[in-house]
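The residues making up each chain are set out below.
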Amino acid sequence: MEFRNIITFLKVAELKNFSKAAEKLGYSQSAVTVQIKQLEKELGTRLFERVGKGAVLTESGQDFVFHANEILNTAKQAVDAVRGSEKKQSEREITGVLRVGGVESVSTALLPEILMEFHRICPQVEIVVHTSKRDVLIEEIRGNSLDLFLTLEKKADYPGLVRKILHREEIIFIRPGKPLPGMEKYVSEEGLLPLEDLVRLPFVLTERGESYRYELERILAERDLRVEAQLEIGNTETIVHMVEAGFGTSFLPFFSARHAIEKGTVRQVKTELLPLSMWIQMYYHKNKWITPQMEAFLAVAEKYFQQNVCE
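Residues numbered from 1 in each chain as written. Predicted model: local features only at pLDDT ≥ 70, side-chain atom pairs only at ≥ 80, totals over all residues. Heavy atoms only, no water.

## Observations concerning the side chain of glutamate 104
As a reminder, the rule being used: Helix numbers and strand numbers start at the N terminus; a helix is a DSSP run of H or I with at least 4 residues, a strand a run of E with at least 2. Burial classes: relative accessible area under 20% of the type maximum marks a residue as buried, over 50% as exposed, and values in between as partly exposed (1.4 Å probe, protein chains only). Counted as positive: Lys and Arg. Counted as negative: Asp and Glu. His and the chain ends are not counted at all. Each reported salt bridge corresponds to a side-chain nitrogen of Lys or Arg within 4 Å of a carboxyl oxygen of Asp or Glu. Polar contact criterion, stated in full: a pair of N or O atoms within 3.5 Å, where within protein one must be able to donate a hydrogen and the other to accept it, and residues adjacent in sequence count only if both atoms are side-chain atoms. Residue contacts follow a heavy-atom distance rule, with two residues in contact if any of their heavy atoms lie within 4.5 Å.
Here glutamate 104 is to be found in helix H6 (residues 104-109). The side chain of glutamate 104 sits in the buried core without any salt bridge; lysine 133 is the nearest counter-charge, 9.1 Å away. A polar side-chain atom of glutamate 104 sits 3.1 Å from the main-chain amide nitrogen of threonine 236. If near-sequence neighbours (up to four positions away) are discounted, glutamate 104 is found in contact with Thr131, Ser132, Gly234, Asn235 and Thr236.

Structure follows, in structure tokens:
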């Protein structure tokens, strides 16, 4: 099995088009076709279906994407290991690339501290971070374009993925440090704001479909209530700033609002709802070779959550 055929396969899978892959790789389209046919013959299965001018991965092709990436990554690591063997023996340093994914709330509020500590321990590792929605990150793990990813949602098991980290995080209502009109009597920690009053307040929320917003809407619907967002923003840090500025209230993971609460620029709003929790979870592919940099990152992340997040 030739590496060039694997590289060509991955490029066609990425671009979903033989001619575009040929242009990117500097080959003729016929050469790309020959390379894919050679690979299909070696594997004994069809990798692509031609649909119009495009190329769609078959089920076997989708399965091979992960292994193709893993073959190339392993080959690169072998080359790096040989070229840097003397240095590694003397310095005992971990090198290579670590590709980390995360949903927006986790990437904004938690990943920076984890990455800084990881960089302090493994300064020679190149770190690539991708922030996206959970479903996109799952597909990137399955395609081996990510090594691992963090999400925040209810406990979940995904076929083909291993869950390594599991920590509980409370989702809370927050308001500006100075109470909004009509909220003055609920400033104290003991005060409970009735849900009927809460949903009348202006809200700035994450986009629809976000795990904790979906759960909030579900709980309110059971009580025949709904919350209207005057502003929707994907970035939780921006949401906290909007609440600090007095725009309205919000519903966010505690870790997103923690620093603002400590500064007193926002306050937690208590309601009669039972505390709502979600789970910070980290996943990687079950067939993934755990590289030294992955192992080190997992250790740093586990220690971070033990010290900073309540289970």
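## Comments concerning helix H8 (residues 134-142)
For the α-helix, the turn length of 3.6 residues means that residues three or four positions removed from each other point alike. Basically, it comes down to this: Read the arc as the range of directions from the helix axis to the C-beta atoms.
Buried within H8 we find Leu137, Ile138, Glu140 and Ile141. The arc that holds the buried residues of H8, viewed along the axis, is 165°, so those residues lie on one side. Backbone geometry just downstream of H8 places asparagine 144 in the positive-phi region, at approximately 65°.

## Topic: the pattern of salt bridges
On inspection of all chains with the given rule, the structure shows 22 salt bridges. The salt bridge involving arginine 134 is made with aspartate 135; its shortest N-O contact spans 3.0 Å. In this structure aspartate 135 comes out as partly exposed when scored by relative accessible area, which is 48%.

## Considering the confidence of the model for the chain
For clarity, the cut-off: Per residue, pLDDT captures the predictor's confidence, and it can take any value from 0 to 100.
Per-residue confidence for the chain gives a mean pLDDT of 85, with 90% of residues at or over 70. Per-element mean pLDDT across the chain ranges from 42 in helix H5 (residues 85-91) up to 94 in strand S9 (residues 250-253). Low pLDDT, under 50, characterises residues 86-92; the predicted model gives this stretch six contacts beyond four residues in sequence or across chains.

## A short note on the layout of surface pockets
The test is simple: The pocket and cavity definitions rest on a 1 Å grid over protein atoms only: a 1.4 Å probe that fits but cannot leave marks a cavity, an open set with protein on both sides within 12 Å along at least five of seven lines marks a pocket, and residues lining either have an atom within 4 Å of a point. Grid points are joined across faces, edges and corners, and a volume is the space filled by probe spheres set on the points. Ten residue types, Ala, Val, Leu, Ile, Met, Phe, Trp, Tyr, Cys and Pro, are classed as nonpolar, four, Asp, Glu, Lys and Arg, as charged, and the remainder, Gly among them, as polar.
In this structure, the largest pocket spans a volume of roughly 760 Å³. Elements represented by at least two residues in the lining of the largest pocket include exactly helix H1 (3-15), helix H4 (59-83) and H8. For the lining of the largest pocket, the leading source of residues is H4, giving 10 residues. Considered class by class, the residues forming the lining of the largest pocket number nine nonpolar, nine polar and nine charged. Roughly 430 Å³ of volume is contained in the second largest pocket. As for the second largest pocket, its lining consists of 21 residues, and the residues nearest its centre are Lys133, Arg134, Gly209, Glu210 and Ser211. Those elements giving two or more residues to the lining of the second largest pocket turn out to be H8, strand S5 (148-153) and helix H10 (211-222).

## Focus on the packing of H1 against helix H3 (residues 29-43)
Formally: Note on geometry: axes are C-alpha line fits, over the in-contact stretch for helices, and angles between N-to-C directions span 0 to 180 degrees. Note on terminology: angles under 35 degrees are roughly parallel, angles over 145 are roughly antiparallel, angles of 65 to 115 are roughly perpendicular, and the others are oblique.
Packing of H1 against H3 brings their axes to within 9 Å, and their N-to-C directions diverge by 110°. In terms of orientation, H1 and H3 fall into the roughly perpendicular class. Note on element contacts: H3 touches H1 through Val32, Gln35, Ile36, Gln38, Leu39 and Glu42, opposite Arg4, Asn5, Ile6, Thr8, Phe9 and Val12. In the contact of H1 with H3, the residues fall into six nonpolar, four polar and two charged.

## Some words on the packing of H1 against helix H2 (residues 18-25)
Here is the rule we go by: Each crossing gets its handedness from the near helix: less than a right angle anticlockwise from the far helix is left-handed, clockwise is right-handed.
With their axes 8 Å apart at the nearest point, H1 and H2 run at an angle of 125° to one another. Considered as vectors, H1 and H2 are oriented oblique to each other. In terms of crossing hand, the pair formed by H1 and H2 is right-handed. Across from Ile7, Thr8, Lys11, Val12 and Leu15 in H1, the residues of H2 making contact are Phe18, Lys20, Ala21, Lys24 and Leu25.

## Remarks on unusual backbone geometry
Although it is not a glycine, lysine 16 adopts a positive phi angle of roughly 55°. The exposed category is assigned to lysine 16, whose relative accessible area is 52%. Despite not being glycine, aspartate 224 shows a phi value in the positive range, around 60°. Take aspartate 224: it is sitting in the loop between H10 and strand S8 (229-232).

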